[in-house]
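What follows is each chain in one-letter form.
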Amino acid sequence: MKKVLKVLGLLILLIVLIIGGIFIYNWRDRHPNYNIDLKTISQNPSPIKAGFAKRPITPTIVDTWNDANGDNKYNEKDGDTYNDNNDNGTFDAFWIAGMSNAKPAQGVHDDVWSRVMVLDDGKSRVAMVSLDAIGFLHGDIIDIRKRIPKELGIDYTLIASTHTHESNDLVGIWGENMFNSGVNPEMLEYVKEQTVAAVTEAVNNLRSAKLVFAEDLTERDSVLIKDTRKPIVKATGIHLMQVLDANTDATLGTLINWSNHPETLWSQNLLISSDFPHYVREAIENGVYSNNELKEKGLGGVAIYFSGVIGGLMAPHPSISIEDPYTGESFALPTYEKTKALGDQLALMSLEALRKRGDTMATSNISLRAKTILAPLDNTTFKIASGIGLIKMGVPEYFKTRTEVGAIRIGPAMFLSIPGEIYPEIIFGGVEAPEGREFDIQPLETPPIQEFIKDKYKFYLGLSNDEIGYIIPKSEWDTEEPYLYLDKRDTYGEENSLGPETGPLIYNSLIEVINDLE
């Protein structure tokens, strides 16, 4: 019996060591000693050059599947089967990210993209990239930066995700089940290659440019947004920058920055799509159409959409209806008709703002501040997910993960780089300390971020250079009863956040980079 117990004990110890080794290996720092601490200030406006490019990052859907019980989830126990269209004996699925696991794409509705703008004021050259992805982790951002050829002269590359809930998983937690990554390594490699190619093309397209800045702060866009968590603070406002050829006035590209989750299609969609950013960009580039009739001319060029302050969370929820701007038909159910109606409305407001309220700058200047920070990783689920290799997050220090904040000043505009889904009350004000909160503290993230920005135009680039999840005010943090505001239900957000210290850390770090440019 003693021998049996000894052998059993050794076996258990071996298993523990193996599991521990796997966790330690997956927690490793994939970019040792990587650190950004950039500060470049230019106060003298000068001629500026701009270049745009876009490359598709759309997966090729080969294998389809048969949904036996119509629940839009692949489960062989339900009798679901796949069609092995390439005869390789495996289900080559691309798992749609967002909402839930087990959603293999059945096809492609519209391409998803890597879209790039490069600006150069003669002193600094920055690349700003928007990916149609649920998110892109900081380690993968660093990998792309390291691949960009040095001869392109890029001083800083910002890569943000639109956070579409309709494209393939590039993070890892939306695979067939909670224990299998949804990331296809070849697809991730393709995204990186295409992004580097797009940056290269944008640099090759550089030409003398003029910048047009505009905003729509009328709050007309509030009807397109539902705030699904108290306190109700809607992140309204459309922020725009149009870039013109300095010699011909032709549009080279347009940046659109707005705050709403690209999840209009909700949980049942099985087609790859960029959600409403697709329709916004199509309308800005090619015009707004109704029943195949051109209603409003587009601007041409390359339209680039950046998601903004979407925590809280800002959503085109199925409980709100969105009207077609021309027919007046109202759509509540999550359909492509609703998605187009939202995109068309946003595009029409954007085009109007550029026509009526645009400021044109013949010269400009670029200032930059970017900083690496280490954020505490308090989320147990995230710790386990990264430990088993589901999320390649990495912990350079003891349960701290590397991320980044930044601020870019371009002429009269500030572009704030936020590495996740920040709650709007941190940016615009309205942080509360409601009954039922987990920490007996008053609001820490005050005054709001916008009060520190002195620039006329403000762009808030969410999910920028990382996806650390929700950035929640610490005084609104809640994971157990009594629930916030003494509600009967718990709150959504904490399970997809690094932890309660994330809000104060990101708040203070953003203020630091803003102040460093003053």
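For the structure itself, consult the block above.
Residues numbered from 1 in each chain as written. Predicted model: local features only at pLDDT ≥ 70, side-chain atom pairs only at ≥ 80, totals over all residues. Heavy atoms only, no water.

Points about the packing of aromatic side chains
No. 1: Scanning the model with the defined rule gives 16 aromatic pairs in all.
No. 2: Pairing Phe428 with Tyr460 gives two aromatic rings, centres 5.6 Å apart and planes at 85 degrees, and the pair type is edge-to-face. With Phe428 in helix H7 (residues 424-428) and Tyr460 in strand E25 (residues 457-461), the pair connects residues that are 32 residues apart, well separated along the chain.
No. 3: On the basis of relative accessibility, which here comes to 22%, the residue Phe428 falls in the partly exposed class.
No. 4: Judged by centre distance (5.6 Å) and plane angle (80 degrees), the rings of Tyr470 and Tyr492 are edge-to-face. Here the residue Tyr470 occupies a position in strand E26 (residues 470-471), and Tyr492 occupies one in the loop between E26 and helix H8 (502-516), the gap between them amounting to 22 residues.
No. 5: One aromatic cluster in this structure is built from Trp65, Tyr74, Tyr82, Phe91 and Trp95.
No. 6: When the ring centre of Tyr25 is taken as reference, the NZ or CZ atom of Arg28 above it lies at 4.0 Å.
No. 7: Across from the ring centre of Trp113, 5.0 Å away, lies the NZ or CZ of Lys54, which sits over that ring. (Phe/Tyr/Trp six-rings, centres within 6.5 Å; stacked < 30°, edge-to-face > 60°. Helix = DSSP H or I, 4+ residues; strand = E, 2+ residues; numbered from the N terminus. Buried < 20%, exposed > 50% of the residue type's maximum accessible area, 1.4 Å probe, protein only. Lys NZ or Arg CZ within 6 Å of the ring centre and 35° of its normal.)

Topic: the pattern of salt bridges
No. 1: The full count for this structure, using the stated rule, is 29 salt bridges.
No. 2: Linking Arg281 and Asp132 is a salt bridge whose minimum nitrogen-to-oxygen distance equals 2.9 Å. Taken together, the residues span a long stretch of sequence, with Arg281 in helix H4 (residues 276-286) and Asp132 in the loop between strand E7 (125-131) and helix H2 (138-147) at a distance of 149 residues.
No. 3: A salt bridge links Asp359 to Lys456; the shortest N-O distance between them is 2.4 Å. Of this pair, Asp359 sits in strand E20 (residues 359-361) while Lys456 sits in the loop between H7 and E25, and the two are 97 residues apart along the sequence.
No. 4: Asp359 gets classed as partly exposed once you look at its relative accessible area, which sits at 23%. (Salt bridge = Lys/Arg side-chain N within 4 Å of Asp/Glu carboxyl O.)

Re the environment of Pro316
No. 1: Tracing the sequence through the fold places Pro316 in the loop between strand E17 (314-315) and strand E18 (322-323).
No. 2: Each C-alpha atom, one on Pro316 and one on Ala332, is 9.2 Å from the other, the two residues being 16 residues apart in sequence.
No. 3: Not counting the four nearest positions on each side in its chain, Pro316 is found in contact with Leu224, Asn260, His261, Glu263, Thr264, Ile322, Lys338 and Leu342. (Contact = heavy atoms within 4.5 Å.)

Quick look at the nonpolar core
No. 1: Formed by 66 residues in total, the largest nonpolar core has its most connected members in Trp258, Leu416, Ile422 and Ile449.
No. 2: With residues near it in sequence (within four places) discarded, Trp258 still touches Asp221, Leu224, Ile225, Gly237, Ile238, Phe276, Tyr305, Phe306, Ser307, Gly308, Leu342 and Leu346. (Core = buried A, V, L, I, M, F, W, Y, C linked by side-chain atoms within 4.5 Å.)

Re the pairing of strand E8 (residues 156-161)
No. 1: Across the six residues that make up E8, a large majority, six, are buried.
No. 2: Side chains Tyr156, Leu158 and Ala160 of E8 all project onto a buried face; the interleaved residues Thr157, Ile159 and Ser161 project onto the opposite face, where all are buried too.
No. 3: By the bridge criterion, six bridges tie E7 to E8 in an arrangement that is parallel. Each bridged residue has a counterpart across the sheet, and for Ala127 the counterpart in E8 is Thr157. (Pairing = 2+ DSSP bridges.)

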